[in-house]
Amino acid sequence: MAENVKYIAQNKKARFNYSIEDTIECGIALEGTEVKSVKNGNISFPDAFAEITNGEVWLNGFHISEYVFSSIFNHNPDRKKKLLLHRDEIKRLTRKVEEKGYTLIPLDFYLKKGRVKVTLGVCKGKKLFDKRADIKDRDVKRDLARTFRNGLQDA
C-alpha cells in the first residue's frame, strides 16, 4: 500500500473463515455524515458482503453509526452502499463470483489521501479442517517465536 494510508478497520474474521483468492481496492460512495462517522471509526461489518446487480457493486450488511454531532439530516445506518469500480474490474469480478462458492467480502477499510477505500476480496469459504490447520500453523509459529526469543535471552 501507499504511504498515506490510515487503517480504520480490518475484517480478521473474514481472513479466518474464507480463503482469499484475489483482492481489489475500490472506493465507496458515502453521504456527508457517513464520512465523518467512518473517520471516527464508528463502523461495524461482521456479516458484510458485496453483490453485483445491474453492472454495479453494492455493499450489504455494512453498518455506519449515526454521526453524533449532526442535525436532523442524518443518514440511514444500514443502507446499501455503492462501491466505485471500473467497468472492466466489475466484469472480472462478475466472472469470478459466478463460479461456485465464491463471494465478495470487504477485508479492510482505510483512508487514502483523505478518501475512504475498501479492499474487497474474492473469497471462498473454508471447511472445518482448513480452519483447524490454520490454527495449528498459528500455534506452531507462536511456539517457535517464543523458543527463539527465550534462546536469545539465555545467551
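Residues numbered from 1 in each chain as written. Predicted model: local features only at pLDDT ≥ 70, side-chain atom pairs only at ≥ 80, totals over all residues. Heavy atoms only, no water.

Checked against the element boundaries, Asn11 lands in the loop between β1 (5-10) and α1 (12-17). For Asn11, a relative accessible area of 7% puts it in the buried group. A polar contact of 3.1 Å, which involves the side chain of Asn11, links it to the backbone oxygen of Pro106. Discounting chain neighbours no more than four positions away, the residues touching Asn11 are Phe45, Ile105, Pro106, Leu107 and Asp108. (Helix = DSSP H or I, 4+ residues; strand = E, 2+ residues; numbered from the N terminus. Buried < 20%, exposed > 50% of the residue type's maximum accessible area, 1.4 Å probe, protein only. Polar contact = N/O pair within 3.5 Å; in protein donor to acceptor, adjacent residues only side chain to side chain. Contact = heavy atoms within 4.5 Å.)

Of all hydrophobic cores here, the largest spans 25 residues; its most connected members are Ile43, Phe62, Leu83 and Leu120. Taken together, the elements giving at least two residues each to this core come down to β2 (18-28), β5 (56-60), α3 (87-98), β8 (102-112) and β9 (115-125). What Leu120 contacts, discounting residues up to four positions off in sequence, is Asp22, Thr23, Ile24, Cys26, Ala50, Val57, Leu83, Leu93, Leu104, Ile105 and Pro106. (Core = buried A, V, L, I, M, F, W, Y, C linked by side-chain atoms within 4.5 Å.)

Turning to the packing of aromatic side chains, a few remarks are in order. For the structure on display, the rule yields 4 aromatic pairs. Aromatic pair Tyr7 and Tyr110: ring centres 5.6 Å apart, planes at 55°, arrangement tilted. Placement of Tyr7 in strand β1 and of Tyr110 in strand β8 is noted, with a sequence separation of 103 residues between them. According to the relative accessible area criterion, Tyr110 is buried, its value standing at 0%. Plain terms: the ring middles of Phe45 and Phe109 are 4.7 Å apart, the flat faces sit at 65° to each other, and that makes the pair edge-to-face. (Phe/Tyr/Trp six-rings, centres within 6.5 Å; stacked < 30°, edge-to-face > 60°.)

As a further point, take the environment of Gly101. Position of Gly101 relative to the elements: it lies in the loop between α3 and β8. Take Gly101: its relative accessible area is 46%, and that puts it in the partly exposed class. Distance in space between the C-alpha atoms of Gly101 and Lys39 is 33 Å, their sequence separation being 62 residues. Setting aside chain neighbours within four positions, we find Gly101 in contact with Cys123, Lys124 and Gly125.

Quick look at helix α2 (residues 32-39) now. Of all the residues in α2, the buried ones are Thr33, Glu34, Ser37 and Val38. The buried residues of α2 occupy one face: seen down the axis, they fall within an arc of 135°. Where α2 is buried, its residues meet β1, β3 (43-44), β6 (63-64), β7 (81-84) and β9. With its phi angle positive at about 85°, Gly41 sits one or two positions after the end of α2. (Arc of directions from axis to C-beta.)

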